[in-house]
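The primary structure of each chain is shown beneath.
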Amino acid sequence: MFENTLDNYAHSNGLRDMNTFFKVLFAISTMLVSLISTSPVVPLLITFFMSALIIFQAKIPWKFYLKFLAIPFIFGFITFIFMSLFFGIGAHILDLGVFNLAVTEDGFNLGLLLFSRVMGGFTCMAFLALTIPMTELFSELERFRIPQIVTELAMLMYRYIFLFLDEGINMYHAQETRLGYSSYRKSFKSMGMLGSNLFIRTWIKGEQAHLAMESRCYDGSLRTLKAPESIRSIGIGKLALFVSFELILLICVYLTWNLRIV
Amino acid sequence: MNVLETKNVSYKYPDGTPALRDVNFNASKGEIVALLGPNGAGKSTLFLHFNGILRPSSGQVMVENTPLSYDKKAIRQVRQKVGIVFQNPDDQLFAPTVAEDVAFGPLNMGLHPDEVEKRVAESLKRVGMEGFEKKPPHHLSGGQKKRVAIAGILAMRPEIMVLDEPTSGLDPKGASQILHILHHLHQEGMTIVISTHDVDLVPLYASQVYIISEGHIIKEGTPQIVFGDVETIRNANLRLPRIAHLMEILQKKDDLPFDKPYPLTIGEARRKLLKHLEE
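What you are looking at is a predicted structure, and each value in this text was computed from that prediction instead of being measured.

## A closer look at the overall build of chain B
- Helix and strand counts for chain B come out as 12 helices and 10 strands.
- Expected size for 279 residues packed as a compact globule is a radius of gyration near 19 Å; at 20 Å, chain B falls within 12% of this value.
- Across its three principal axes, chain B shows a C-alpha extent of roughly 65 × 45 × 35 Å.
- The 279 residues of chain B split such that 44% are buried.
- Pairs at least 24 residues apart make up 65% of the contacts formed inside chain B by residues separated by at least 6 positions.

## Regarding the domain arrangement of chain B
Residue and element names in this part refer to chain B.
- Split by domain assignment, chain B resolves into domain 1 (2-237) and domain 2 (240-279).
- Once you take the C-alpha centre of each, domain 1 and domain 2 turn out to be 32 Å apart.
- When contributions to the side of domain 1 that touches domain 2 are tallied by element, the ones reaching two or more residues are α8 (202-205), α9 (223-228) and α10 (230-235).

## A short note on the interface of chain B and chain A
- Taken together, the 30 residues of chain B in the interface contact 24 residues of chain A.
- When residues of the side of chain B that touches chain A are traced back to their parent elements, those giving at least two are α2 (72-81), α3 (89-92), α4 (98-108) and α5 (113-126) of chain B.
- In terms of residue count, α4 of chain B provides more of the side of chain B that touches chain A than any other element does, seven residues in total.
- Classifying every residue of the side of chain B that touches chain A by side-chain character gives 16 nonpolar, eight polar and six charged.

## Some words on the sheet that holds strand β5 (residues 66-67) of chain B
Residues and elements named next belong to chain B.
- One open sheet accounts for four strands, arranged β2-β1-β4-β5; its pairing is antiparallel. Edge positions in the sheet fall to β2 (18-28) and β5, since each has one partner strand and no second.
- When strand β1 (residues 2-12) meets β2, the two strands line up antiparallel, connected through seven bridges. Across the sheet, residue Thr 6 finds its bridge partner in β2, namely Phe 25.

## Points about the domain arrangement of chain A
- Considered domain by domain, chain A is made up of domain 1 (2-132 + 235-255) and domain 2 (146-215).
- Between domain 1 of chain A and domain 2 of chain A, the C-alpha centre-to-centre distance is 34 Å.

## Points about unusual backbone geometry
Residues and elements named next belong to chain B.
- At Asn 8, a residue that is not glycine, the phi angle is positive and equals roughly 45°.
- Mapped onto the elements, Asn 8 comes out in strand β1.
- One non-glycine residue, Arg 157, lies in the positive phi region at around 50°.
- Within the element layout of this structure, Arg 157 appears in the loop between α6 (142-154) and β7 (160-164).

## Some details on the sheet that holds strand β9 (residues 208-213) of chain B
Residues and elements named next belong to chain B.
- Strand order in the open sheet formed by six strands is β6-β7-β8-β3-β9-β10, and the pairing between neighbours is mixed. Of all strands in the sheet, those bounded by a partner on one side alone are β6 (82-85) and β10 (216-221). Averaged over all adjacent pairs, the angle separating strand axes in this sheet is 20°, with direction ignored.
- The sheet contact formed by strand β3 (residues 32-36) and strand β8 (residues 191-196) spans five bridges and is parallel. By the bridge assignment, Leu 36 is partnered in β8 with Thr 196.

## Let's talk about the nonpolar core
- Core analysis: the biggest nonpolar cluster contains 114 residues, and Val 102, Ala 151, Val 162, Val 193 and Tyr 210 of chain B have the highest contact counts within it.
- Here this core gets 10 residues from one element, more than from any other, and that element is helix α5 (residues 105-131) of chain A.

## Here we look at the pairing of β1 of chain B
Residue and element names in this part refer to chain B.
- In this structure, the hairpin formed by β1 and β2 is closed by a connection of five residues, where Gly 16 is found at a positive phi of approximately 100°.
- When β1 meets strand β4 (residues 58-63), the two strands line up antiparallel, connected through five bridges. Each residue of the ladder has a partner; that of Glu 5, found in β4, is Met 62.

## A word on the packing of α4 of chain B against α5 of chain B
Residues and elements named next belong to chain B.
- Contact geometry of α4 with α5 gives a least axis separation of 9 Å together with a crossing angle of 125°. Viewed along their axes, α4 and α5 adopt a mutual orientation that is oblique. Considering how the two elements wind past one another, α4 and α5 form a crossing that is right-handed. Touching Ala 99, Val 102, Ala 103, Pro 106 and Leu 107 of α4 are Val 116, Arg 119, Val 120, Ser 123 and Leu 124, all from α5.
- Residues that form the contact of α4 with α5 fall into these classes: eight nonpolar, one polar and one charged.

## Some thoughts on the environment of Leu 182 of chain B
Residues and elements named next belong to chain B.
- Counting through the fold element by element, Leu 182 comes out in helix α7 (residues 172-187).
- Note on Leu 182: 20 C-beta atoms within 10 Å, which makes it buried.
- Note: C-alpha distance between Leu 182 and Ile 194 (12 residues apart in sequence) is 9.9 Å.
- Leaving out residues up to four positions away in the same chain, Leu 182 has contacts with Ile 192 and Tyr 205.

## Points about the pairing of β4 of chain B
All names here are of chain B.
- The sheet contact formed by β4 and β5 spans two bridges and is antiparallel. The residue bridging Met 62 from the neighbouring strand is Pro 67, located in β5.
- Connecting the antiparallel pair β4 and β5 is a turn made up of two residues, with Glu 64 showing a positive phi of about 50°.

## Some remarks on the confidence of the model for chain B
- Per-residue confidence for chain B gives a mean pLDDT of 90; residues scoring 70 or more make up 100%.
- Two summary scores accompany this predicted model of the complex, namely pTM at 0.79 and ipTM at 0.78.

Definitions and limits used
Residues numbered from 1 in each chain as written. Chains lettered and ligands numbered in written order. Predicted model: local features only at pLDDT ≥ 70, side-chain atom pairs only at ≥ 80, totals over all residues. Helix = DSSP H or I, 4+ residues; strand = E, 2+ residues; numbered from the N terminus. Rg over C-alpha atoms; globule rule 2.2 N^0.38 Å. Buried ≥ 20, exposed ≤ 12 C-beta atoms within 10 Å, placed from the backbone. Contact = placed C-beta atoms within 7 Å. Domains from an automatic or database assignment. Nonpolar A, V, L, I, M, F, W, Y, C, P; charged D, E, K, R; others polar. Pairing = 2+ DSSP bridges. Axes fitted to C-alpha atoms, helices over the stretch in contact; angles between N-to-C directions. Core = buried A, V, L, I, M, F, W, Y, C linked by C-beta atoms within 7 Å. Parallel < 35°, antiparallel > 145°, perpendicular 65-115°, else oblique. Left-handed = near helix turned anticlockwise from the far one by under 90°. pLDDT = per-residue confidence, 0-100.

The structure is reproduced here in structure tokens:
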């Protein structure tokens, strides 16, 4: 199951023991740099650098990683095509010859910029998702003063997503066993039953979980053992490396300010 | 001394269906009490009365000889004293990591974080789950989840542990690990109440047995007394332990001189057989 492997990698990868705050800081600032860049060069650089980090440092199998990247890639690519065909005015650089469609210089540049930003931003996200377990992300969220209700909801949702999936998959197999998906008509009917049943099950499970929590003196607020790692444990060396990396990126952004591919 | 007692407890579901009828249940300090009954007999419903989650329609629940009062402060104390381990550990484990889940109860009791951390480490050690602190529950096996659920209750330092079907759905090794934990707790003086329909295990650990059927206690006493009443057992959709059943067949069909009370455990049967062979 995809969700499960993602979770497994987050819990055991080459960068698992690195300071979580540092990883979050790194990913988010790099993402911001990728977003402020006005030329596609820096975001693409970031894409390659992040991918290299994920594959060689975090040791995520490249096959899995590419699969992971496929969706945003396809999405970004389609946007790129549409942007270059329908946006911008100015010199045509390629006439398609049908419906008066043509790629304009403006549109092509804009599309490419968008595509590179999507990829740059997404690889930063992938770095977050693949190297930091959700559980540690929650305690970081608290450091960033995200309201407690949000982190509580996120915690509960994270825990129950897996039970929900399990339940759904079990029911799905049970239906398949009794030929519930042998034709289109039956598939629709079975899917509907699966959905409504899952809803009821979720309700019951929720009630049972509430009983169990009440038995442990639950009074409406989830307290957590807070022990976020100190920022000091990052170490001066890594911090300096991080700052200089972001600075170099920013300088690149400045140098390529007006650079256009076409 | 009875640490946990119900006096004529009856309970009706909100829609009026009776679930419990005049239940009198006692657990003495330091004993292991088994509540034996078929599915749907009301075992779980009765358990939810023990820590005040459900309120009896009539009758009284007593913890340490004081009747339960249902105001907020008193109920917190009761829930600390009476810890319930639910049948399905997935209902109980809600936190994203093992350590956070075990810490949930003690944190709700308002303990200092240092003390909470100490208790988390200690209770995980007692159930043999140290080293799993940072794992999410969905990466654990069924038996491991169950042990974490027990640790979550132990961390609240209860005086009475109530376990709903602690061995159901576990493989033999997982089940015997749970029984070992319970055995140790028993030696430390913990009062333990277990619901089950696994009749083979009951004579191994329980000193007192209650049989519940259709919301009513139909038999109580030591395992010897309760399993001596074969008819009641069978009427309640239960059976004798396999060993006792074998002895019954040997006596009735093969005319071997194994009289009642039938031995209930392998140990007892062995002694009886050896004695018979010597004669």
